[in-house]
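The residues making up each chain are set out below.
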Amino acid sequence: MTIVLWICGITLSIASCLTLVRLAKGPSILERVIAMDVLLLIISGALCIEMTMNKHNDNLIFVLLACLVGFVGSVTVSRFVTDRRNA
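Notes on the structure follow. In this text the structure is predicted, and so the values were computed from the model without any measurement. Throughout, residues of each chain are indexed from 1 in the direction in which the sequence is written. Restriction of local features to residues with pLDDT of at least 70 applies here, the model being predicted, together with a cutoff of 80 or more for giving and counting side-chain atom pairs; totals for whole chains, interfaces and linings are based on all residues. To get the side-chain values, all heavy atoms of the structure are used, and hydrogens and water are removed first.

### Remarks on helix α2 (residues 29-54)
Point 1. In a regular helix each residue adds 1.5 Å, so 26 residues correspond to 38 Å; α2 covers 38 Å between its end C-alpha atoms and thus fits that length.
Point 2. Secondary structure elements are defined from DSSP: runs of H or I of at least 4 residues count as helices, runs of E of at least 2 residues count as strands, and each element is numbered from the N terminus. Remark: Lys-55 follows α2 within two positions and exhibits a positive phi of approximately 55°. By this rule, a helix spans an expected 1.5 Å times one less than how many residues it contains.

### A few points about the packing of helix α1 (residues 2-25) against α2
Point 1. An axis is simply a line fitted to the C-alpha atoms; with a helix, the fit covers only the stretch in contact. Between two such axes, the angle follows the N-to-C directions and lies from 0 to 180 degrees. Closest axis-to-axis distance for the α1/α2 pair is 9 Å, and the angle between their directions is 160°. Taken together, the axes of α1 and α2 lie roughly antiparallel to each other. Seen from above, α1 lies across α2 with left-handed handedness. Contacts between α1 and α2 involve Leu-5, Cys-8, Gly-9, Leu-12, Ala-15, Ser-16, Thr-19, Leu-20, Arg-22, Leu-23, Ala-24 and Lys-25 from the first element and Glu-31, Arg-32, Ala-35, Met-36, Val-38, Leu-39, Ile-42, Gly-45, Ala-46, Ile-49, Thr-52 and Met-53 from the second. Angular relationships are summarised with four words: roughly parallel below 35 degrees, roughly antiparallel beyond 145, roughly perpendicular across 65 to 115, and oblique for the angles in between. In this scheme the crossing of two helices becomes right-handed for a clockwise turn of the near helix relative to the far one and left-handed for an anticlockwise turn of less than a right angle. Contacts between residues were defined by any pair of non-hydrogen atoms, one from each residue, lying within 4.5 Å.

### Description of the environment of Cys-67
Point 1. Inspection of the secondary structure assignment puts Cys-67 in helix α3 (residues 60-86).
Point 2. Along the primary structure Cys-67 and Leu-40 are separated by 27 residues, whereas in three dimensions their C-alpha atoms are 7.0 Å apart.
Point 3. If sequence neighbours within four positions are ignored, Cys-67 has contacts with Leu-41 and Ser-44.

### Here we look at the environment of Phe-71
Point 1. Relative to the elements of secondary structure, Phe-71 occurs in helix α3.
Point 2. Residue Phe-71 is classed as exposed on the basis of its relative accessible area, which comes to 54%. Accessibility here uses a 1.4 Å probe with only protein chains present; expressed as a share of the type maximum, an area under 20% marks a residue as buried, one over 50% as exposed, and anything in between as partly exposed.

Right under this line is the structure:
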């Protein structure tokens, strides 16, 4: 189980580094919003791994809030962009 947790941690670390590059480099606001949403999901995944390692569920509310904020933010920006394109 320890090896699996290490592999998950390394994978999430690499994914977060690549996401931060896309967040800084993204030419459009949509790519930056998607990168921020992916970063929130990576943080949620890291919190889930931490809860698995320590055998508790104290951070479950933070995982749910991060997913909710990511979803609402993505929907809001996509709605703003579609309204802007139609005008």
